[in-house]
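Summary of structural features
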Number of protein chains: 2
Amino acid sequence: MNRMENLDEDNLPRTQKQQGPFPMEVLKHVEEPTNTITNDIQRIDMRNTAYGLAGRGEYGPVVQKGVQKSLPGKYPLSAAQKDVIDHIALIENNPVAANKAPIPQNPEILTYHIKSVGYFLKADVMGTCKVPASAYYSHDKQGTPIDTRYENAVIIVMRKELKAIRASTGHDWMGDPISFQSYQHLGMAAETIANYIRRLGWDASAQYGPSFVNRYTVLLPPLLLAAGIGEISRAGIILNPYLGLAFKAAVVLTDMPLVPDQPIDFGLQSFCQNCKICAENCPSKAISMGDKVMYNGYETWKLNTQRCASFNFTNKKGTMCNACVKSCPWSNPSTWPHDLVRGLVMKVPFTRKFAIKAARLLAMNKPIPEEKWWFDMEYADDTIESREKNSGQ
Amino acid sequence: MNRMENLDEDNLPRTQKQQGPFPMEVLKHVEEPTNTITNDIQRIDMRNTAYGLAGRGEYGPVVQKGVQKSLPGKYPLSAAQKDVIDHIALIENNPVAANKAPIPQNPEILTYHIKSVGYFLKADVMGTCKVPASAYYSHDKQGTPIDTRYENAVIIVMRKELKAIRASTGHDWMGDPISFQSYQHLGMAAETIANYIRRLGWDASAQYGPSFVNRYTVLLPPLLLAAGIGEISRAGIILNPYLGLAFKAAVVLTDMPLVPDQPIDFGLQSFCQNCKICAENCPSKAISMGDKVMYNGYETWKLNTQRCASFNFTNKKGTMCNACVKSCPWSNPSTWPHDLVRGLVMKVPFTRKFAIKAARLLAMNKPIPEEKWWFDMEYADDTIESREKNSGQ
């Protein structure tokens, strides 16, 4: 007998019990995200993202050349990972089963079940939300209008590999491999979940990155906010209270009836207002040192995407930059000093000033060279050249 | 500056420092595996494995029909996973780089590096060994002779998902999904590592299961023994001291020069001689209650593979069986009671009798129905039928 069948509607599992490795369920859930969101949001054209603009030469010829060079994989490990992700993204969708599977059709039970599948596939956090029409891109890279096809979203979150983040400078050769490690696992999990949902009789679409694959028809940040994965941070991206900025996400859009999660409030808005360590550590000075502004209907610290993308695509001593991820105090692992500080920020507002100072001191913004296990090297056409500092090159 | 470049040959990292999540390095390493292995080993013909024999009808028509039915995926979740694994296995090998990458060619450094890549890709244990010629299959499924092509092996081990094992009866619908979850991740990691090694200038071949993919040219158990992943267990398969039987492995065969690991001795031979909990819990009585025997040059408790395979392929209330994995006390997670018992077995021989009794009491051989999150159902041709006990079917 399945525990799901014993549920009555007043006694639901979502709010009862921690499903995954992190206690998302105990966080303070709220009706609306902690940043103001208006109804006046323009859908984004995929051709006008930072990647699109950089690739079209809008950030100048040096950046454009960098895009062309970096996309095929500058570094042997990330090039290997890219081959695997590219291959995974070639999988063909199985058909949607003609009949619904003989399982309970209760959205609460289905939500619990699909989240369980995600955790089983090594997700660190799972979430659900309704997809606001404004979260859909307006046009794809080819300029074809994108349909606001699905109502529900399943969010899959995976932590970035912390050992490599800790060892790295944040903007060396390990940037791409760290991101691609998440994308490999997210792509596989998203494709498996979407395939499974289609077998159960509902349509589903697996959407995941990185940019060279880009299976997205939606922007992730609005969905991460709605599903209570995190709050908006000073770095202009979503921050989770247990993973900090050290995660990547994928989404499965679906017709399966699901109960949406609620946004969360863990005190980040006042934390980020005061901390600024990510902005101080940003090598391209792309992160705002100032206050939040309104941008396309969202209250946010506005990232200078041109500076961020330009640094990434012209970085001569590494691949993509992770400096904000690395320096953010919330990215730290769950050990007692970090958990203590996290707890103070979340639950004891009057200690927040002290907690922010402590968090900054505990941040892993410095590299740890003795834990570095990779080699500095770079593709120069078809051969690999060393980029080790002491290699004389 | 890379720590690897500071090494002198007398001060090697492998024996110094725990690389992965489990302290494999502190185990007692020995020259030879703890079970006798003679030089008189016949290479196995892939057509004569239990799967091959069952599929050819050598175990009778009912079992043969079961093979045909079970291979395409009896259960919607494992069928979805199978689609993804099948797709991953279609990836084409990238070419071996014409020139070696500008990295240290020291085998100790390369071994440390490749293990680091494995851990970065979520491996739980990594190992290396020389490949004995006898570990190669003699012929593939089509009867083509198999070449003893590569000298070195990189072993990738991933833990099976313990929550599902704990909730499961051990021989219900979750058997295949649990194994396939490991195979999905192993396949992706093995393909990534092999691709990366080829980019560095050495040939490599990613080999992983399950049976419907079967990219193996080698048998895994001899390699797992040689690489010190575990000792032979009463269940007739290799047991790791931190993962028990709850793991799957894959291998990357390669020409890259590597330093082999040594076999380990953690006291399992006398433990399994006395414990027998796996044999007691085996629903097909396939596991020996007796002593070890010599079989094709290996001293082992001899699994009755016909009984094991026949049960698996004719299981009407589930997919493949995991009962030995589930009941083995060593499969338990690393929490203090289990670690205490493990420590006694390994380090305090005179307490072993007590420790075996304690281990048996702590074993997770009973299912936990209230933690079950999946639905009992089965493909009947193209439709899915419920197999819930209380569904009236």
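For the structure, see preceding data.
Figured I'd write up the structure that's included with this text. Just so you know, these numbers come straight off a predicted model, no measurement behind them.

Thoughts on the overall build of chain A
Regarding its fold elements, chain A presents 13 helices and ten strands. Relative to a compact globule of 393 residues, whose C-alpha radius of gyration would be 21 Å, chain A shows 21 Å and is just as compact. On the principal axes, the C-alpha backbone points of chain A span a range of 70 × 55 × 40 Å. Accessible area for chain A stands at about 15600 Å²; split by element, carbon and sulfur atoms hold 54% of it. Distance between charge centroids for chain A: 7 Å, based on 44 positive and 39 negative side chains.

Here we look at the environment of A:Lys130
Residues and elements named next belong to chain A. Relative to the helices and strands, Lys 130 is located in strand 1 (residues 125-130). Taking the C-alpha atoms as reference points, Lys 130 and Pro 260, 130 residues apart in sequence, are found 6.1 Å from one another. Those residues in contact with Lys 130 that sit more than four places away from it in its chain are Glu 151, Asn 152, Leu 223, Leu 258 and Pro 260. One polar contact links Lys 130 to Glu 151, side chain to side chain, over a distance of 3.4 Å. Here Asn 152 takes part through its side chain, which lies 2.8 Å from a polar atom of the side chain of Lys 130.

Quick look at the sheet that holds strand 2 (residues 152-159) of chain A
Residues and elements named next belong to chain A. Strand order in the open sheet formed by four strands is 1-2-6-3, with antiparallel pairing between adjacent strands. Each of the sheet's edge strands pairs with one partner strand only, and the pair in question is strand 1 and strand 3 (204-207). Sheet twist, expressed as the average angle between the axes of neighbouring strands with direction ignored, equals 20 degrees. Pairing of strand 3 with strand 6 (residues 247-254), which is carried by four bridges, proceeds in the antiparallel orientation. The residue bridging Ala 204 from the neighbouring strand is Thr 254, located in strand 6. Against the sheet, helix 4 (residues 107-120) engages strand 1 and strand 2, with an angle of about 145 degrees to strand 1.

Regarding the pattern of salt bridges
Applying the stated rule across the entire model yields 38 salt bridges over all chains. With a shortest N-O distance of 2.8 Å, A:Arg199 and B:Asp83 are connected by a salt bridge. Of this pair, A:Arg199 sits in helix 6 (residues 175-200) while B:Asp83 is found in helix 3 (residues 76-88), placing the two residues in two different chains. The buried category is assigned to A:Arg199, whose relative accessible area is 15%. A relative accessible area of 26% places B:Asp83 in the partly exposed class. In this structure, the salt-bridge partner of B:Lys115 is B:Asp261, at a minimum N-O distance of 2.9 Å. With B:Lys115 in helix 4 (residues 107-120) and B:Asp261 in the loop between strand 6 (247-254) and helix 8 (268-275), this pair connects stretches of sequence that are 146 residues apart.

A closer look at the nonpolar core
Core analysis: the biggest nonpolar cluster contains 245 residues, and A:Ile155, A:Leu223, B:Ile155 and B:Leu223 have the highest contact counts within it. Setting aside residues up to four positions removed in sequence, B:Leu223 forms contacts with B:Cys129, B:Lys130, B:Val131, B:Pro132, B:Ala135, B:Ala153, B:Ile155, B:Val218 and B:Val251.

Thoughts on the relation of the copies chain B and chain A
When chain B is fitted to chain A, the residual RMSD is 0.0 Å, and the transformation amounts to a turn of 180 degrees plus an axial shift of 0.0 Å. The transformation just described matches what one would write down for a two-fold rotation axis. When C-alpha positions in chain B are compared against the rotation axis, the closest is assigned to B:Ile88, at 3.2 Å.

Considering the pairing of strand 10 (residues 383-386) of chain B
The side chains of a regular strand alternate, first on one face of the sheet and then on the other. Burial along strand 10 of chain B is one-sided: the residues B:Ile384 and B:Ser386 are buried and none of B:Thr383 and B:Glu385 is. Between strand 9 (residues 377-380) of chain B and the antiparallel strand that follows it, strand 10 of chain B, lie two residues; B:Asp381 among them carries a positive phi value of about 55 degrees.

Points about helix 8 (residues 268-275) of chain A
One full turn of an α-helix is made of 3.6 residues, so residues set three or four places apart face in the same direction. Residue and element names in this part refer to chain A. Within helix 8, burial applies to Leu 268, Gln 269, Phe 271, Cys 272 and Cys 275. Buried residues of helix 8, viewed axially, fall in a sector of 160 degrees; they line one side. Packing partners of the buried residues in helix 8 comprise strand 4 (231-232), strand 5 (238-239), helix 9 (277-281), helix 12 (336-347) and helix 13 (352-362).

As for the sheet that holds strand 3 (residues 204-207) of chain B
All names here are of chain B. Taken in spatial order, the four strands make up an open sheet running 1-2-6-3, and their pairing is antiparallel. Among the strands making up the open sheet, the edge pair consists of strand 1 (125-130) and strand 3. In this sheet, neighbouring strand axes are inclined to one another by 20 degrees on average, regardless of whether the strands run parallel or antiparallel. Two elements, strand 2 (residues 152-159) and strand 6, share eight bridges in a ladder whose sense is antiparallel. Bridge pairing links Met 158 to Lys 248 in strand 6. Here helix 4 sits on the sheet in contact with strand 1 and strand 2, set at roughly 145 degrees to strand 1. Sitting on the sheet, helix 6 (residues 175-200) touches strand 1, strand 2, strand 3 and strand 6, and the angle it makes with strand 6 is about 20 degrees.

The rules we used
- Residues numbered from 1 in each chain as written.
- Chains lettered and ligands numbered in written order.
- Predicted model: local features only at pLDDT ≥ 70, side-chain atom pairs only at ≥ 80, totals over all residues.
- Heavy atoms only, no water.
- Helix = DSSP H or I, 4+ residues; strand = E, 2+ residues; numbered from the N terminus.
- Rg over C-alpha atoms; globule rule 2.2 N^0.38 Å.
- Areas by Shrake-Rupley, 256 points an atom, 1.4 Å probe, with all protein chains shown as cover.
- Lys, Arg positive; Asp, Glu negative; His and termini not counted.
- Charge placed at Lys NZ, Arg CZ, Asp CG, Glu CD.
- Contact = heavy atoms within 4.5 Å.
- Polar contact = N/O pair within 3.5 Å; in protein donor to acceptor, adjacent residues only side chain to side chain.
- Pairing = 2+ DSSP bridges.
- Axes fitted to C-alpha atoms, helices over the stretch in contact; angles between N-to-C directions.
- Salt bridge = Lys/Arg side-chain N within 4 Å of Asp/Glu carboxyl O.
- Buried < 20%, exposed > 50% of the residue type's maximum accessible area, 1.4 Å probe, protein only.
- Core = buried A, V, L, I, M, F, W, Y, C linked by side-chain atoms within 4.5 Å.
- Least-squares fit on C-alpha atoms with pLDDT ≥ 70 in both.
- Arc of directions from axis to C-beta.

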